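# Working through the structure, step by step
In case you want the letters, here they are:
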Amino acid sequence: MNRDHRRTKGFRPSTQYDVVVVGGGHAGCEAAMAAARMGLETLLLSISIDQIAQMSCNPAIGGLAKGHVVREIDALGGVMAQAIDATGIQFRRLNTRKGPAVRSSRAQADMLQYKTWMKEKLEGQERLHIKQGLAEGFLMDGAQVVGVHTQAGEEFPARTVVVSSGTFLNGMVHIGDTRYAAGRAGEFAAVSLSAALAGLGLRMGRLMTCTTPRLDAKTIDFRPLTPQNGDPDFVPFSFRNHRIERDQVPCWIARTNEKTHRIIADNLDRSPMISGVMTGAPPRYCPSVEDKVRAFPGRTGHRLFLEPEGLSTREIYTNGMFTGLPIDVQLEMLRTIPGLEEVQIMRPGYAIEYDFVHPTQLGPDLQVKSVPGLFLAGQINGTSGYEEAAGQGLVAGINAGLRVKGDPPLVLGRNESYIGVLVDDLVTKGTSEPYRLLTSRAEHRLLLREDNADLRLMDKGHAVGLITAEEAETTKEKARLIEEEIERLGRHRVTVDLGEGAPRQGSLLFDALRQPEVSYRDLTEYNPGFEPAERRDVADQVQIQVKYEGYIRRQEAMVEKMRHLESLRIPEDIDYSSLGAISAEVREKLEGVRPRTLGQASRIPGVTPAAVSALMIYLAGSNRGRDPEGDPAGGGRT
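For every chain, the first residue of the written sequence is number 1, and numbering continues from 1 onward in sequence order. With pLDDT at 70 or above as the cut-off, local features in this predicted model cover only qualifying residues; side-chain atom pairs require 80 or more to be listed or tallied, and sums for whole chains, interfaces and linings still use all residues. In computing side-chain values, all of the structure's heavy atoms are included and hydrogens and water are not.

## Let's talk about the sheet that holds strand β18 (residues 345-347)
- By the convention used here, strands pair only if DSSP detects at least 2 bridges between them. Every helix listed is a DSSP run of H or I at least four residues long, and every strand listed is a run of E at least two residues long, numbered separately from the N terminus. Within the open sheet, the six strands sit side by side as β14-β15-β16-β17-β13-β18. Their pairing is antiparallel. Both edges of this open sheet fall to β14 (226-228) and β18, since each of them pairs with a single strand only. Taking the axes of each pair of neighbouring strands and ignoring which way they run, one obtains an average angle of 35° across the sheet.
- Bridging between β14 and strand β15 (residues 251-255) involves three bridges; their strand directions are antiparallel. Looking at the pairing, P227 lines up with W252 of β15.
- Along the sheet face, helix α9 (residues 327-334) touches β13 (214-216), β17 (315-319) and β18 and points at about 135° away from the line of β18. To get an axis, fit a line to the C-alpha atoms, keeping to the stretch in contact for a helix; angles then go from 0 to 180 degrees between the N-to-C directions. In what follows, a contact means two residues having at least one pair of non-hydrogen atoms within 4.5 Å.

## Here we look at the pairing of strand β19 (residues 351-357)
- Summarising burial for β19: seven of the seven residues are buried, a large majority.
- For every residue, the accessible area obtained with a 1.4 Å probe (protein chains only) is divided by the maximum for its type, and the residue is called buried under 20%, exposed over 50%, and partly exposed between those limits. Burial along β19 is two-sided: A351, E353, D355 and V357 facing one way and I352, Y354 and F356 facing the other are all buried.
- Bridge count for strand β10 (residues 172-175) against β19 is three bridges, and the pairing is antiparallel. Bridge pairing in β19 links V173 to I352.
- Across seven bridges, the pairing between strand β12 (residues 204-210) and β19 is antiparallel. Looking at the pairing, M204 lines up with V357 of β19.

## Here's the deal with the packing of aromatic side chains
- Aromatic rings from Phe, Tyr and Trp, taking only the six-membered ring of Trp, are treated as a pair when their centres fall within 6.5 Å; an angle between ring planes under 30 degrees marks them as stacked, one over 60 as edge-to-face, and anything in between as tilted. Summed over the entire model, instances satisfying the criterion amount to seven aromatic pairs.
- Taking the centre distance of 5.1 Å and the plane angle of 40° together, the rings of F91 and F234 count as tilted. Taken together, the positions of F91 in strand β4 (residues 88-94) and F234 in the loop between β14 and β15 put the pair 143 residues apart, joining distant regions of the chain. Comparing F91 with F234 shows no difference in burial state: the two are buried.
- On the basis of an interplanar angle of 50° and a centroid distance of 6.4 Å, the ring pair of Y548 and Y551 is categorised as tilted.
- Following the ring pairs from residue to residue traces out a cluster consisting of F91, F234 and F237.

## Topic: the environment of P250
- Position of P250 relative to the elements: it lies in the loop between β14 and β15.
- Sequence spacing of P250 and P227 is 23 residues, and the spatial spacing of their C-alpha atoms is 6.1 Å.

## Here we look at helix α1 (residues 26-37)
- One less than the residue count of a helix, multiplied by 1.5 Å, gives the span that helix is expected to have. Spanning twelve residues, α1 covers 17 Å between terminal C-alpha atoms, matching the ideal 16 Å at 1.5 Å per step.
- With respect to burial, α1 is a largely interior element, eleven of its twelve residues being buried.
- Buried within α1 we find H26, A27, G28, C29, E30, A31, A32, M33, A34, A35 and A36.
- Residue G39 follows α1 closely and has a positive phi angle near 90°.

## Side note on the pairing of strand β16 (residues 303-308)
- Counting buried positions over the six residues of β16 gives five, a clear majority of the element.
- Where β15 meets β16, four bridges bridge the pair, whose relative direction is antiparallel. Residue pairing in the sheet places W252 in a bridge with L306 of β16.
- Bridging between β16 and β17 involves four bridges; their strand directions are antiparallel. Counted as the bridge partner of P308 is I316 from β17.

## Points about the environment of Y114
- Summarising the element assignment, Y114 is placed in helix α4 (residues 111-123).
- Taking C-alpha positions, Y114 is 30 Å from P364, a pair spaced 250 residues apart along the chain.
- Not counting chain neighbours up to four residues away, the residues in contact with Y114 comprise H26, A53, M55, I61, M80, A83, I84 and T87.

## Side note on the packing of α1 against α4
- Taken N-terminus to C-terminus, the directions of α1 and α4 make an angle of 25°; their axes are 11 Å apart at the nearest point. Between α1 and α4, the angle is such that the two are roughly parallel. Helix-helix and strand crossings are classified by hand; for α1 and α4 the assignment is left-handed. Residue-level contacts link H26, C29 and M33 of α1 to Y114, M118, K121 and L122 of α4.
- By the convention adopted, Pro, Cys, Tyr, Trp, Phe, Met, Ile, Leu, Val and Ala count as nonpolar, Lys, Arg, Asp and Glu as charged, and the other residues, Gly among them, as polar. Classifying every residue of the contact of α1 with α4 by side-chain character gives five nonpolar, one polar and one charged. Orientation labels follow simple angle bins: below 35 degrees gives roughly parallel, above 145 gives roughly antiparallel, 65 to 115 gives roughly perpendicular, and whatever is left gives oblique. Crossings are sorted by hand: turned counterclockwise from the far helix by less than a right angle, the near helix makes the crossing left-handed, and turned clockwise it makes it right-handed.

## Concerning the nonpolar core
- To define a nonpolar core, start from buried Ala, Val, Leu, Ile, Met, Phe, Trp, Tyr and Cys residues and group those joined through side-chain atoms within 4.5 Å. Counting 108 residues, the largest nonpolar core has V20, Y114, F138, V161, V163, L374 and I398 as its most contacted members.
- Residues L215, A254, V329 and V343 belong to the second largest nonpolar core, which totals 24 residues.

## What about the sheet that holds β10?
- The four strands lie next to each other as β11-β10-β19-β12, forming an open sheet whose pairing is antiparallel. Two strands close off the open sheet at either side, each with one partner strand: β11 (178-181) and β12. Adjacent strand axes in the sheet meet at a mean angle of 25°, parallel and antiparallel pairs treated alike.
- The pairing of β10 with β11 spans four bridges and is classified as antiparallel. Residue pairing across strands places M172 opposite A181, the latter belonging to β11.

## With respect to the state of the cysteines
- For this text, the term disulfide refers to a pair of cysteine sulfurs within 2.5 Å. Tallied over the entire structure, the rule returns zero disulfides.
- The thiol of C286 is not disulfide-bonded; the next cysteine sulfur, from C57, is found 6.1 Å away.

## Things to note about helix α18 (residues 584-593)
- Listing the buried residues of α18 in full gives V586, L590 and V593. Viewed along the axis of α18, the buried residues span an arc of 70°, placing them on a single side of the element. Within α18, the exposed residues directed more than 90 degrees away from the buried face are A584, E585 and E588.
- One or two positions beyond α18, positive phi appears at R594, with a value near 50°. Each direction from the helix axis to a C-beta atom contributes to the arc, which is the arc of those directions.

## Focus on the pattern of salt bridges
- Salt bridges are identified by distance alone: a Lys or Arg side-chain nitrogen within 4 Å of an Asp or Glu carboxyl oxygen. On inspection of all chains with the given rule, the structure shows 42 salt bridges.
- Measuring nitrogen to oxygen at the nearest pair gives 2.8 Å for the salt bridge that ties R127 to E41. Taken as a pair, R127 in the loop between α4 and β6 (128-132) and E41 in the loop between α1 and β2 (42-46) lie far apart in primary sequence, 86 residues in all.
- Residue E477 pairs with R480 through a salt bridge whose shortest N-O separation is 2.4 Å. Taken as a pair, E477 and R480 lie in helix α13 (residues 469-489) at a separation of three residues, close to a single helical turn.
- For E477, a relative accessible area of 30% corresponds to the partly exposed category.
- Each of the salt bridges in this network shares a partner with another, and the network as a whole consists of R414, D424, D425, K429, E443, E566 and R603.

Shown next, in the form of structure tokens:
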């Protein structure tokens, strides 16, 4: 049998899936669930079906900007939010003292329960099939992918393929001087699949990251450590859940010291991430402890968070001590920390390097531009983090399904979601290091809050078939109640004079609520006859929308200003070499990305405002930027 990565035109399989998803991590789970729930015959192909939805690194979901993504996944019809609500063991809201735009949710997960819950969800989904196998290459019909074949010789024909291979592409684990091929410690690497992607003409790169030692809780003295408890009244991640009533477990805060740092500094030459043994680009926002000690020699200590990995295990995750140092050094440096003097390591930390595909080769639907039917999601696109992977997986799975159905793709704008910011950053700007989503990456973050993800995105989830009509109607009802309540504040007035500094008697409750010291629930003090809305989600939205009305309107005006550039489509067959008004350097950058709109072109690093103006003049002169009806050519579910 021909095992070449490319198949000759005319290959006709006897059976065929609509979507094959390669990889059972967080991206793969979302992609497979989305495609199957859209009514498509879907195969999830995993190297180990026992490790589906495995938390490879930290035992947590959410965090700064990441919590926003989890809520957006839920609003679009994904499953990550439901999974963490069901299996979380500690829930916290971050940045509560700051504005609503940057407040984010985070939860510690029981890692075993999380992957068990997710596996049961996948196994129970109609039209979703799960098989164990190591994908080795692609079945091809000309330039189009029509399936995958495995190391064991199986072939799985498909109309579309989503690859979400995580760190498994040509993965190599490093612990000090020891190194071996693996996608995760103890699991096979996908070497042939990386070669198959390169064989399709895709430009590949190399990245690296590291994880922490897992400690035995029996050998930790928790008395010198500072407990960190969860929030007693936590808003669930999923909009389908109203309350989480569950006992929460504490995490613990420790701190490195000068002795710890001296041991690390004395052994930097034994770190594969520092010595030059590893060739990939390291993560900027999740640095190794070796990098921190080298970069901040004057620091006397760094905080560590000791996080339980679950209720049925004694393993403790040492958040903040990411390392690839030898095991003897890991143990020596840990034992310098108060409370860890007798600690034992259950699993050592390790560094890993792996291949990725430069994401500028993808369209905003996460389909490879040069290979129709092939979608990529997760760390294969250069990102880090479960949430970034899951968001991409959901988009890729939806768009693979829409392609099968012959429908236009779902393209999320930067002004609509953090997932849109993430995808646009990847396909427009690319990345040379593990990409992490941050609230600062979103220009319109006051519009993209955690609390309004359902109001922003649930209609889109309904349009693609992942949100039920009942769920969509519930969200519309919530929006109606918010609007009515804000209008009511504009009709009722302050009736009680509470003295200097309080809202003036006779002023509208709407204006009273805009004062910084007045909360929505306080309004009954100024008008005893006023009854606030009973629903917490409605009350919270009213307070935010009223207090930040001016800022919100300003950002909405900015979005409207940019909408014109986003509507101007650039012809797919444009010949940039013929645009003499643009420098050769900028033409090269435009050719590398081949942006779809003028707005996307303006965000490519190195593309100057003068070049954007020249492109605009070209589009106006050629009259090719719009279709005959005046709508953006190509359309799409925006």
